[in-house]
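Structural characterization, general
Each chain, written out:
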Amino acid sequence: MAAVTQTATPSMWSEQELAEVRESLQREIDELNADILRHETEIASGDVTQGAGDDQADAGAKTYEREREIALTLNARDLVAQNERAIARIDAGTYGVCESCQKPIGKERLQAFPRATLCVTCKQREERR
Ligand SMILES: [Zn+2]
């Protein structure tokens, strides 16, 4: 009798591969958090009273720079949240399963987009809305 040991791999990922994905997501979170901290420091330092300067162009440039920093920070925060969600899915054993149709997302897609939570079909449907 052939004893076939079947391990539960619903998303076709090995433990090793999941560990690697998890590690790279965590590393990215650390880098993003460092970025966020740097941007926040820059934003905060921009808040320091500039004095009653009437240089409009300079003020405009400062506002633009500040808004850019804020946008970068928000974007980084969003990515951190997405990475944390992906890690939570790895830990829960649901990584690689489409959140919408519950089908496997596909390894190639996840290797290109490790944070993907939707399969290509569902993603395209969402983008059409
Ligand atoms: Zn789907």
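Please read all numbers here as calculations on a predicted model, not as lab measurements.

Notes on the overall build of the protein chain
Along its length, the protein chain carries 4 helices and 0 strands. Element order for the protein chain, N to C, with α for helix and β for strand: α-α-α-α. Taking all 129 residues of the protein chain together, 24% fall into the buried category. Accessible area of the protein chain: about 9400 Å², with a carbon and sulfur share of 52%.

Considerations on the UniProt feature "coiled-coil region" (unreviewed entry) in the protein chain
When the UniProt feature table is mapped to this numbering, "coiled-coil region" (unreviewed entry) covers residues 15–42. Taken end to end, residues 15–42 is 100% helix and 0% strand, and its first and last C-alpha atoms sit 41 Å apart.

Details of helix α2 (residues 56–92)
Between its terminal C-alpha atoms α2 stretches 53 Å, which fits the 54 Å expected from 37 residues at 1.5 Å a residue. Backbone geometry just after α2 places Gly93 at a positive phi near 80°.

Focus on the packing of aromatic side chains
Under the counting rule described, the total for this entry stands at 1 aromatic pair. Consider the rings of Trp13 and Tyr95, whose centres lie 5.5 Å apart with planes at 70°: the pair is edge-to-face. Of this pair, Trp13 sits in the segment before α1 (15–47) while Tyr95 is found in the loop between α2 and α3 (107–112), placing the two residues 82 residues apart along the sequence. On the basis of relative accessibility, which here comes to 5%, the residue Trp13 falls in the buried class.

Brief notes about the pattern of salt bridges
Enumeration according to the criterion identifies 11 salt bridges in this entry. Measuring nitrogen to oxygen at the nearest pair gives 2.3 Å for the salt bridge that ties Arg115 to Glu28. On the criterion of sequence distance, the pair formed by Arg115 in the loop between α3 and α4 (120–128) and Glu28 in helix α1 is long-range, its members being 87 residues apart. On the basis of relative accessibility, which here comes to 24%, the residue Arg115 falls in the partly exposed class. A salt bridge links Lys62 to Asp58, with the shortest nitrogen-to-oxygen separation between them at 2.9 Å. In this pair, Lys62 and Asp58 both sit in helix α2, 4 residues apart, roughly one turn of the helix. For Lys62, a relative accessible area of 37% puts it in the partly exposed group. The class of Asp58 is partly exposed, set by a relative accessible area of 36%. Connected through shared salt-bridge partners, Arg85, Arg89 and Glu99 make up one network.

Observations regarding the side chain of Thr73
Within the secondary structure layout, Thr73 lies in helix α2. Note on Thr73: relative accessible area 5%, which makes it buried. Setting aside anything within four residues of it in sequence, one finds Thr73 in contact with Ile36, His39, Glu40 and Ile43.

A few points about the layout of surface pockets
Of the voids in this model, the second largest pocket is the one considered here, and its volume is about 270 Å³. Those elements that place two or more of their residues in the lining of the second largest pocket are α2 and α4. Residue composition of the lining of the second largest pocket, by class: 3 nonpolar, 2 polar and 5 charged.

Criteria and thresholds
- Residues numbered from 1 in each chain as written.
- Predicted model: local features only at pLDDT ≥ 70, side-chain atom pairs only at ≥ 80, totals over all residues.
- Heavy atoms only, no water.
- Helix = DSSP H or I, 4+ residues; strand = E, 2+ residues; numbered from the N terminus.
- Buried < 20%, exposed > 50% of the residue type's maximum accessible area, 1.4 Å probe, protein only.
- Areas by Shrake-Rupley, 256 points an atom, 1.4 Å probe, with all protein chains shown as cover.
- UniProt positions renumbered as here; feature names shortened; annotations may be inferred.
- Expected span 1.5 Å × (residues − 1).
- Phe/Tyr/Trp six-rings, centres within 6.5 Å; stacked < 30°, edge-to-face > 60°.
- Salt bridge = Lys/Arg side-chain N within 4 Å of Asp/Glu carboxyl O.
- Contact = heavy atoms within 4.5 Å.
- 1 Å grid on protein atoms, 1.4 Å probe; cavity = no way out; pocket = protein on both sides within 12 Å on 5 of 7 lines; lining within 4 Å.
- Points joined across faces, edges and corners; volume = space filled by probe spheres on them.
- Nonpolar A, V, L, I, M, F, W, Y, C, P; charged D, E, K, R; others polar.

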